[in-house]
Amino acid sequence: MSELFDAVDALVASRSSLPPPAKRRRLRQAHALTLDEVAAALGVRRATVGDWEMGKTEPRPPQRDAYARLLKQLAQLYPTAESTEAPQEDAAAPQTVPPTASETPPAPTGPEPEAAAPTASDTTTAAPAGPATASRRPATKKAAPANPPATTSRKKAAPAPTPASGGTYAHGPLLVLDADADRNVTGYGIGGLILDVPAKTLPVLVEWALAEARLGAERLHGSGKDADPLLVLTKAACERYGLPTELSHEERLAGRLPEGHKVLKQLQRAEWKLTKRGLGPWARIYRPAHGGRRQCVQLCIPSWHALDDRAWGHAAQLDPAELARVLGLYAQRVMTPVGSAAVTGLQLMIALNPPTRASEPDADGRRHREHRPGSLGTEPMDPAPCEATDGHPVLADLPRFHVRGPDEKLFEEAYDWARDLTDAECTKRHLVGLDVNLAFAAAANGAVVGLTSPPVHVTDPAFDAALPGSWLVDLSHIDPNRVKVGKQWRDLEGDLLPSPFTPTGQRPEGPAWYATPTVAYAVELGYEVAPLEAWVRSESGRFLDGWYKRLRDAYVTTMAELGVGEKLSPAEFLEAMDGYKSRDPELGIVVDAVKMTVKGGIGKLREKARGGGWKPGQPWPALARPTWRPDIRAAVISRARINMHRKMVALAAATGQYPVAVLSDCAVYAADGPSPLDVLPYDTDGRTVPGSFRLGVSPGMVKHEGTQSVLWGADVLEQLAGDGHVANLARYIKTGEVTTKDTGE
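Computed from a prediction, not measured in an experiment: that's the story for all the values here. (Residues numbered from 1 in each chain as written. Predicted model: local features only at pLDDT ≥ 70, side-chain atom pairs only at ≥ 80, totals over all residues. Heavy atoms only, no water.)

A look at unusual backbone geometry
Here comes step 1: The linkage connecting Pro61 with the following residue, Pro62, adopts the cis geometry, with an omega of 0°.
Here comes step 2: Summarising the element assignment, Pro62 is placed in the loop between α4 (46-54) and α5 (63-77).
Here comes step 3: Positive phi values are uncommon outside glycine, yet Leu438 reaches one of about 40°.
Here comes step 4: Positionally, Leu438 belongs in the loop between β13 (430-436) and α14 (439-444).
Here comes step 5: One non-glycine residue, Ser664, lies in the positive phi region at around 55°. (Helix = DSSP H or I, 4+ residues; strand = E, 2+ residues; numbered from the N terminus.)

Shown next, in the form of structure tokens:
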């Protein structure tokens, strides 16, 4: 029997004992250690340490012994740690919130009520009168030191963002909230930060976020406003606060909870308000402004499909700490999300270029809000009739079912063009796709667009390339077989190139409306133009330059952390791009979110009517925004398409190579080899054709989109042929999979 006892004793001794999960966290926090620091010391992921502290998993050897040693030493340093965990009550009234800008909250889908800071009389009334339910956790626990060292876990290729050291927003822009089996709520922030969240109802949670959590972000422009705190609720957190983990079919169609929901009643009793969007996947909870202060909190609920797969990939399935890292990086490099990537991209324009500023002091020494030059102002603007989308109120006088032609409607869209392979191209072995990085962002850089002055109609105008607007002009006389390239006339095979003037690549057949960049390119190609009429804007500026720089820096910085730097040679760049997202999938999500912010933000400038009940000729909510500017969208897309054509012409003139398909920012070429280097003629010094495609990570440069065989291309063209339509191989070049019939949509 003694041998059995010895075996049991040895088995127990082989595993170091550990304190309970809650005490593990308290000891780490008492020593001001971040999850990143502990994870780096133990050689595990940050999320793994978080799971140990939540009791979801237990450490295994050899990390278990080292982790036990760490906790034992911390327990010796902080022997009274348990005494600090006395139950505390939920806050019944908000504390004073540091003053921020007093302007209205962002309104990505239309004008919304103002949000403001609390007054002394604001109290939460979600619970009955009397003492609040006791919480077993302290109000806040700061996990990061004042100046945390930049450490990384072993499996991460880049450091996580760290909270600001002190200040109003010491805990960063957001928290991801999760609840355990005991209904205790934990907030995960940037840099491995963990906060204990005492609030037991949604109204109290909002109060806590504003009064104690120290969440938010500094304004991006001196005349702008600080970002509101963002709380991201996991399924467990939704259950904890009385919210459904998923929306019903009817609720998804409505985009919000029904008015009679118990949580909405709690918010109403506590005198909190919701914007017109209601309590949906992205919600904004606020109180009206008082005393020049604002009080507003944003909610994001991933299980309600707040994080679109097209922009955020599998982010909604990440652990809370990992999701906090992804959203925190995005918030720090772009801005705190305020909705979908498209909504955030649009709001970023205003955050970087606010419509108002403080005036100079008047005779009484007071400052007032005034228009800020270079912005889009605060008032919406009607477009020119040719720029308006179908159904816009400015077109209300058109006959019902009238279809506008090119001479009535501005149609600046991205390329969707393809042709059949030539005999020479059929003898080659490969089809190689080249994709332009952040093509719309590159096109936005330096774009001169109209600002606050309404468009002015002019007949028989002289074309001015410096004047933003829309021009009715006939460009059918331009011969694609003979154009100027670098100010030199060159002969080309024009039938093998798409026309630069139409999204379909077909040559124009008569007068049509074009944005200024398109007409300017006709002049650049060496031809005279004679507009018949125009809608022009005399007040103009480079409104999107700051927006481009912010997104460009976010993209390039994140790609560098994935091992794809700016100073790589073409061969090194292609090698670095091979499987780059697998080096850190979370950073890969951030890259995709930045891309969708660019595309979505530009698209949101011309948001169409949505939802039932709308009739042509009636306004829809987006028209009330100063940022509903189809003319700016048209100018950017025009520049992107022209940039693409300019590069294709330069390559054709120098090498005789022509694209077989172009889809938006992707061009496909036939080549003898599978690499982009088999298409682009780089010399030994790393130089290629001036003005053509260049490999690299910066916006406007290109990367490898994919390679398929010419036989594959011939099969796809035959498979999808019909009604004179040529399938666009650029749509399938990345994976080679043809999942749906190519309708050109």
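So that's the structure; there's more coming.
Considering the sheet that holds strand β16 (residues 469-474)
Here comes step 1: Strand order across the open sheet formed by 4 strands is β15-β20-β16-β19, with antiparallel pairing between neighbours. Looking at the sheet topology across the chains shown, the edges are occupied by β15 (456-459) and β19 (511-515). Neighbouring strand axes in the sheet, compared pairwise and without regard to direction, differ in orientation by 20° on average.
Here comes step 2: In the packing of helix α15 (residues 516-524) onto the sheet, the strands contacted are β16 and β19, and the crossing angle to β19 comes to about 110°. (Pairing = 2+ DSSP bridges. Axes fitted to C-alpha atoms, helices over the stretch in contact; angles between N-to-C directions. Contact = heavy atoms within 4.5 Å.)

Some thoughts on the pattern of salt bridges
Here comes step 1: Summed over all chains, the structure comprises 40 salt bridges.
Here comes step 2: Among the salt bridges present, the one from Glu387 reaches Arg537, with a minimum N-O distance of 2.8 Å. With Glu387 in the loop between β11 (369-371) and β12 (416-418) and Arg537 in the loop between β20 (533-536) and β21 (540-541), this pair connects stretches of sequence that are 150 residues apart.
Here comes step 3: By relative accessible area, Arg537 is classed as buried at 1%.
Here comes step 4: Between Glu566 and Arg552 there is a salt bridge, with its nearest N and O atoms 2.3 Å apart. (Salt bridge = Lys/Arg side-chain N within 4 Å of Asp/Glu carboxyl O. Buried < 20%, exposed > 50% of the residue type's maximum accessible area, 1.4 Å probe, protein only.)

Considering the pairing of strand β6 (residues 230-233)
Here comes step 1: Because side chains alternate across β6, one face comprises the buried residues Leu230 and Val232, and the other comprises Leu231 and Leu233, equally buried.
Here comes step 2: As paired strands, strand β3 (residues 174-179) and β6 are joined by 4 bridges and run parallel to one another. Following the sheet pairing, Leu174 is matched in β6 by Leu230.

Observations concerning the sheet that holds strand β23 (residues 666-671)
Here comes step 1: In space, the 5 strands of this open sheet follow the order β12-β22-β23-β13-β24, with antiparallel pairing throughout. Only two strands of the sheet have a single partner each, and these edge strands are β12 and β24 (702-709). When the angles between neighbouring strand axes are averaged without regard to direction, this sheet yields 20°.
Here comes step 2: In terms of strand pairing, β13 meets β23 through 6 bridges, oriented antiparallel. Within the sheet, the bridge partner assigned to His430 lies in β23 and is Ala671.
Here comes step 3: With respect to the sheet, helix α19 (residues 630-655) is in contact with β13, β22 (661-663) and β23, its orientation differing from that of β23 by roughly 15°.

Details of helix α18 (residues 585-604)
Here comes step 1: Helix length check: α18, at 20 residues, gives a terminal C-alpha distance of 28 Å against a target of 28 Å (1.5 Å per residue), a fit within 8%.
Here comes step 2: Here α18 lies mainly inside the structure; 14 of its 20 residues are buried. (Expected span 1.5 Å × (residues − 1).)

Some thoughts on the side chain of Thr518
Here comes step 1: Mapping Thr518 onto the fold places it in helix α15.
Here comes step 2: Classification of Thr518 by relative accessible area gives buried; the value is 0%.
Here comes step 3: Beyond its immediate sequence surroundings of up to four residues, Thr518 is in contact with Glu412, Pro500, Phe501, Ser638, Arg641 and Ile642.

Quick look at the packing of aromatic side chains
Here comes step 1: All chains considered together, the criterion is met by 8 aromatic pairs.
Here comes step 2: Judged by centre distance (5.5 Å) and plane angle (90°), the rings of Trp614 and Trp620 are edge-to-face.
Here comes step 3: A relative accessible area of 7% means that Trp620 is categorised as buried.
Here comes step 4: Between Tyr669 and Phe693, the aromatic rings sit 6.3 Å apart at their centres with planes inclined by 80°, giving edge-to-face as the arrangement. One end of the pair, Tyr669, is in strand β23; the other, Phe693, is in the loop between β23 and β24, and 24 residues separate them in sequence.
Here comes step 5: The ring of Trp272 has Arg287 lying over it, and the distance from NZ or CZ to the ring centre is 3.9 Å. (Phe/Tyr/Trp six-rings, centres within 6.5 Å; stacked < 30°, edge-to-face > 60°. Lys NZ or Arg CZ within 6 Å of the ring centre and 35° of its normal.)

Brief notes about the environment of Met349
Here comes step 1: Within the secondary structure, Met349 sits in helix α12 (residues 341-352).
Here comes step 2: Along the sequence, Met349 and Leu544 sit 195 residues apart, while their C-alpha atoms lie 7.0 Å from each other.
Here comes step 3: Excluding anything up to four places from it in sequence, Met349 contacts Phe543, Leu544, Trp547, Gly601, Ile602 and Leu605.

A closer look at the packing of helix α11 (residues 320-333) against helix α16 (residues 545-561)
Here comes step 1: Axis separation between α11 and α16 bottoms out at 9 Å; the angle between their running directions is 135°. As judged from the angle between their axes, α11 and α16 are oblique. Taken together, the residues of α16 that come into contact with α11 (itself represented by Ala331, Gln332 and Arg333) are Arg550, Ala554, Thr557, Thr558 and Glu561.
Here comes step 2: Split by residue class, the contact of α11 with α16 holds 2 nonpolar, 3 polar and 3 charged. (Parallel < 35°, antiparallel > 145°, perpendicular 65-115°, else oblique. Nonpolar A, V, L, I, M, F, W, Y, C, P; charged D, E, K, R; others polar.)

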